[in-house]
Amino acid sequence: MPTVRATIKPNSRKGPLVEVADDGTLTLYVRAPAVEGKANKAAIELLAAHFGVAKSSVRLSAGATSRFKRFEIDT
């Protein structure tokens, strides 16, 4: 079960988009606002599409209220 580190950018006009940094960290640009978990849900959907897995295979493991998050992905 790989762990992915990501920085989330809510309310982004650039998104939905995933950028991969040289160190392997992801930057997730989502259009959803950071209100009531909407940005987290959008980030999970974006990661699922990026890795080609079901949304239920992606779990937020740390950083629910932070811009810096960790996700676990079941492959």
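Summarised in this report is the structure supplied together with it. Chains are numbered independently. Their residues run from 1 in the order of the written sequence. Totals for whole chains, interfaces and linings use every residue, but because this is a predicted model, local features are given only for residues with pLDDT of at least 70 and side-chain atom pairs only at 80 or more, for both listing and counting. To obtain the side-chain values, all non-hydrogen atoms of the structure were used and water was disregarded.

### Quick word on the environment of Pro33
On the secondary structure map, Pro33 appears in the loop between β3 (26-29) and α1 (38-51). Relative accessibility under 20% of the residue-type maximum defines a buried residue, over 50% an exposed one, and the middle range a partly exposed one, all with a 1.4 Å probe and only protein chains included. Since its relative accessible area comes to 28%, Pro33 is described here as partly exposed. Along the chain, Pro33 and Lys14 lie 19 residues apart, while their C-alpha atoms are 13 Å from each other. Aside from chain neighbours lying at most four places away, what touches Pro33 is Pro10, Asn11, Lys38 and Ala39. Only runs of H or I of at least four residues qualify as helices and only runs of E of at least two qualify as strands under DSSP, and these elements are numbered from the N terminus. Throughout, a residue-residue contact means that at least one pair of heavy atoms, one from each residue, lies within 4.5 Å.

### Some remarks on the pairing of strand β4 (residues 58-62)
Two strands are counted as paired when DSSP detects at least two bridges linking them. Relative to strand β5 (residues 68-73), β4 runs antiparallel, the two sharing four bridges. By the bridge assignment for β5, Val58 is matched with Ile73. Hairpin remark: β4 followed by β5, antiparallel, with five residues in the connecting loop; positive phi at Gly63, about 90°.

### Topic: the nonpolar core
Most often, soluble globular proteins have nonpolar side chains that are buried together. Formed by 18 residues in total, the largest nonpolar core has its most connected members in Leu26, Leu28, Val30, Leu47, Val58 and Phe71. Among the elements that take part in this core, α1 stands out by supplying seven residues, more than any other. Once you skip the residues sitting within four places of it in the chain, Val30 turns out to touch Ile8, Lys9, Pro10, Asn11, Ser12, Ala39, Ala42, Ala43 and Leu46. To define a nonpolar core, start from buried Ala, Val, Leu, Ile, Met, Phe, Trp, Tyr and Cys residues and group those joined through side-chain atoms within 4.5 Å.

### Some words on the side chain of Thr25
Position of Thr25 among the secondary structure elements: in the loop between β2 (17-20) and β3. Not counting chain neighbours up to four residues away, the residues in contact with Thr25 comprise Arg5, Ala6, Glu19 and Val20.

### Side note on the pattern of salt bridges
Throughout this description, the term salt bridge denotes a Lys or Arg side-chain nitrogen within 4 Å of a carboxyl oxygen of Asp or Glu. Tallying each qualifying case throughout the model produces three salt bridges. Note that Glu19 and Lys14 form a salt bridge whose closest N and O atoms lie 3.0 Å from each other. For Glu19, a relative accessible area of 30% puts it in the partly exposed group. Lys14 gets classed as partly exposed once you look at its relative accessible area, which sits at 46%. The closest approach of N and O atoms between Arg59 and Glu72, which form a salt bridge, is 2.9 Å.

### Side note on the sheet that holds β3
With mixed pairing, five strands are arranged side by side in an open sheet as β2-β3-β1-β5-β4. Here the strands that pair on one side only, and so sit at the sheet edges, are β2 and β4. Across the sheet, the mean angle separating the axes of adjacent strands is 35° when strand polarity is ignored. Across four bridges, the pairing between β2 and β3 is antiparallel. Within β3, the residue paired with Val18 across the bridge is Leu28. Here an axis means a line fitted to C-alpha atoms, over the contact stretch when the element is a helix, while the angle between two N-to-C directions is reported on a 0 to 180 degree scale.

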